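# Tertiary structure, described
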Amino acid sequence: MCEYCGCQSVTAIEELTREHDEVVGMIAEVRTAHAAGDVELMADLARRIATVLEPHTAVEEEGLFPLMADDFPDHVAALKDEHRRVEAVLGAAATGIPADSGWPDELIVTLEVLREHILKEQDGVFPAALTTLGGTDWDAVDAVRARVGIRLPA
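## Topic: the packing of helix α1 (residues 11–36) against helix α4 (residues 103–132)
Close contact between α1 and α4 brings their axes to 10 Å; oriented N to C, the two are set at 155°. Comparing the axis directions of α1 and α4 gives the class roughly antiparallel. Every pair of crossing elements has a handedness; the one defined by α1 and α4 is left-handed. Taken together, the residues of α4 that come into contact with α1 (itself represented by I13, L16, T17, H20, D21, V23, V24, I27, V30, R31 and H34) are P104, D105, L107, I108, L111, E112, L114, R115, I118, E121, Q122 and F126.

Here it is in structure tokens:
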């Protein structure tokens, strides 16, 4: 987590970062499960990651990104595309172990994309938001959070 710009002082960014940290920890667990050949655990962890990312993505896509899209249209579009890719691969495990024998490797590749995605947000989007958004903008982001909540896995 970055702490150089002060963006962690904004509640919305602090919450998004906390979710990122939770996901990064689970990514490490997925890698360990993959190395052990434990596809069942990988699928369980994919569902847990999806649980965290569902409200997280809503806060970004319904709250933060629309406020930044005019200034950073290509960046926001790329981040949204990455969300769709991650959702598709995690979603394959929504009801159990995916039948596709290539899914475990695809998950590993996709979680690397997610890890890079998180760095783009924490090192680019969040500091940029701190400098470009005002109080009413953050109120709009907070309103999305209030509607969708925070879900951390058990």
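## Some words on the environment of I150
Mapped onto the secondary structure, I150 falls in the segment after α5 (135–148). The class of I150 is partly exposed, set by a relative accessible area of 38%. Along the backbone, I150 and L53 are 97 residues apart, and their C-alpha atoms lie at a distance of 9.3 Å. If near-sequence neighbours (up to four positions away) are discounted, I150 is found in contact with E15, R18, E19 and R145.

## Here we look at the environment of R145
Note on placement: R145 falls in helix α5. The buried category is assigned to R145, whose relative accessible area is 8%. In this structure, the C-alpha to C-alpha distance between R145 and P127, residues 18 residues apart in sequence, is 19 Å. Residues contacting R145, with those up to four places away along its chain left out, are E15, L16, E19, P55, V59 and I150.

## Considerations on the packing of helix α2 (residues 39–68) against helix α3 (residues 73–91)
It is at 11 Å that the axes of α2 and α3 come closest, and there the two elements cross at 160°. By the angle class used here, α2 and α3 are roughly antiparallel. Crossing of α2 against α3: the hand is left-handed. On the side of α2, the interface is formed by A46, I49, A50, L53, T57, E60, E61, F65 and M68, while α3 contributes V76, L79, K80, H83, R84, V86, E87 and L90. Here the contact of α2 with α3 is built from residues that sort into 10 nonpolar, 2 polar and 5 charged.

## Describing the side chain of H56
Tracing the backbone through its elements, the reader meets H56 in helix α2. Classification of H56 as buried rests on a relative accessible area of 2%. Sequence-distant contacts of H56, that is, excluding residues within four places in its chain, are made with L16, E19, H20 and E121.

## Re the nonpolar core
A general feature of soluble globular proteins is that nonpolar side chains tend to end up buried together. Grouped together as the largest cluster of nonpolar side chains are 21 residues, with contacts concentrated most on V23, I49, L90, W103, L107, L111 and L114. The set of elements that each furnish at least two residues to this core consists of α1, α2, α3 and α4. In terms of residue count, α2 provides more of this core than any other element does, 7 residues in total. The residues contacting L114, other than those within four sequence positions of it, are V23, I27, I49, L53 and V86. With 20 residues, the next largest nonpolar core counts L64, F126, A128 and V141 among its residues.

## Quick word on α3
The end-to-end C-alpha distance of α3 is 27 Å, a good match for the 27 Å that 19 residues give at a rise of 1.5 Å each. On its buried face, α3 is in contact with α2 and α4.

Rules used in this analysis
- Going along each chain's sequence as written, the residues are numbered from 1 onward.
- This being a predicted model, a pLDDT of at least 70 is required before a residue's local features are given, and a value of 80 or more before pairs of side-chain atoms are given or counted; all residues contribute to the totals for chains, interfaces and linings.
- The basis for the side-chain values is all heavy atoms of the structure; hydrogens and waters are excluded.
- Axis definition: a line fitted to C-alpha atoms, limited for helices to the stretch in contact. Angles are taken between N-to-C directions and run from 0 to 180 degrees.
- Secondary structure counts use DSSP, requiring at least four H or I residues in a row for a helix and at least two E residues in a row for a strand, with both numbered from the N terminus.
- Angle categories: roughly parallel below 35 degrees, roughly antiparallel above 145, roughly perpendicular from 65 to 115, and oblique for all the rest.
- For any pair of crossing helices, the crossing counts as left-handed if the nearer helix is rotated counterclockwise from the farther one by less than a right angle, and right-handed if it is rotated clockwise.
- In what follows, residue pairs with any heavy atoms lying within 4.5 Å of each other are defined as contacts.
- When a residue's accessible area, from a 1.4 Å probe over protein chains only, is under 20% of the maximum for its type it is buried; when over 50% it is exposed; and in between it is partly exposed.
- Put simply, Ala, Val, Leu, Ile, Met, Phe, Trp, Tyr, Cys and Pro go in the nonpolar bin, Asp, Glu, Lys and Arg in the charged bin, and everything else, Gly too, in the polar bin.
- Take the buried Ala, Val, Leu, Ile, Met, Phe, Trp, Tyr and Cys residues and link them wherever side-chain atoms come within 4.5 Å; each set so joined is a nonpolar core.
- To estimate the expected span of a helix, subtract one from its residue number and multiply by 1.5 Å.

Purely geometric stuff here, so don't read any function into it on its own.
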